[in-house]
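# Remarks on the overall topology
Okay, here's what each chain looks like letter by letter:
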Amino acid sequence: MVSRAQLAHAALLAVGLLLLLAGVSLLGGAEYTHVAEPIDESDLRDDEDPIPVESLSESDREVVESAVDAPGETVAVQADGRVDPFHYGDASGDHYVVRGDDYYRIATGGGGALSGADEILAWILLAFGTLGVLAGGLDLWRHRRVD
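A brief look at the structure comes next. Just so you know, these numbers come straight off a predicted model, no measurement behind them.

We now examine the overall build of the protein chain. Tallying secondary structure elements over the protein chain gives three helices and five strands in all. Ordered by position in the sequence, the α and β elements of the protein chain form the string α-β-β-α-β-β-β-α. Buried positions account for 32% of the 147 residues belonging to the protein chain. Put simply, 77% of the contacts in the protein chain that link residues at least 6 apart link residues at least 24 apart.

Set out below in structure tokens:
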């Protein structure tokens, strides 16, 4: 027969696993989006200096050029593919770049992905999930019945 303690430990283990899965899915599923639109130089805001595409790092330049080469289409990258000078998540918005004589507005977004608060939440879920799995598993191991 299963004791109440064993049921409680099994429930703790199950909750811990669910928290781990939630944390991993938040961290692993992050997509950051870029949509480029060609603009005239006169459309630039006075307070906005366009970033020369040539001044970006090689990986950032690849993302920006992919967006610029497909105007109006969404280019999505994982967290490690974010363009450093751009803002994402809660601070997403328009960014201006120049390639040669051509100017572009690039709208960025989190695509339902992580903002700073979401990333913190994911790490908290992972921490509590790990604790739940360890505590539940250890207690089940201690209270196992060997017949």
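Here Arg 144 lies in the segment after helix H3 (116-142). On the accessibility criterion, Arg 144 (42% relative accessible area) is partly exposed. Put simply, Arg 144 and Ser 3 are 141 residues apart on the chain and 10.0 Å apart in space, counted from C-alpha to C-alpha.

If you walk across this open sheet you meet the five strands as E2-E4-E5-E1-E3, and the pairing is mixed. In this open sheet, the two edge strands, each paired with only one partner strand, are strand E2 (51-52) and strand E3 (74-77). As judged from the two bridges shared by E2 and strand E4 (residues 94-99), these two strands associate in the parallel manner. When the bridges of E4 are listed, Pro 52 appears paired with Val 98.

Before going further, it helps to examine the pairing of strand E5 (residues 102-109). Among the eight residues that make up E5, six are buried, leaving the element largely enclosed by the rest of the structure. Sheet analysis places E4 next to E5, joined by six bridges and oriented antiparallel. Opposite Tyr 96, over in E5, you have Arg 105 as the bridge partner. Linking E4 back to E5 in an antiparallel pair, the connection comprises two residues, with Gly 100 at a positive phi of about 65°.

Criteria and cut-off values
- Residues numbered from 1 in each chain as written.
- Predicted model: local features only at pLDDT ≥ 70, side-chain atom pairs only at ≥ 80, totals over all residues.
- Heavy atoms only, no water.
- Helix = DSSP H or I, 4+ residues; strand = E, 2+ residues; numbered from the N terminus.
- Buried < 20%, exposed > 50% of the residue type's maximum accessible area, 1.4 Å probe, protein only.
- Contact = heavy atoms within 4.5 Å.
- Pairing = 2+ DSSP bridges.

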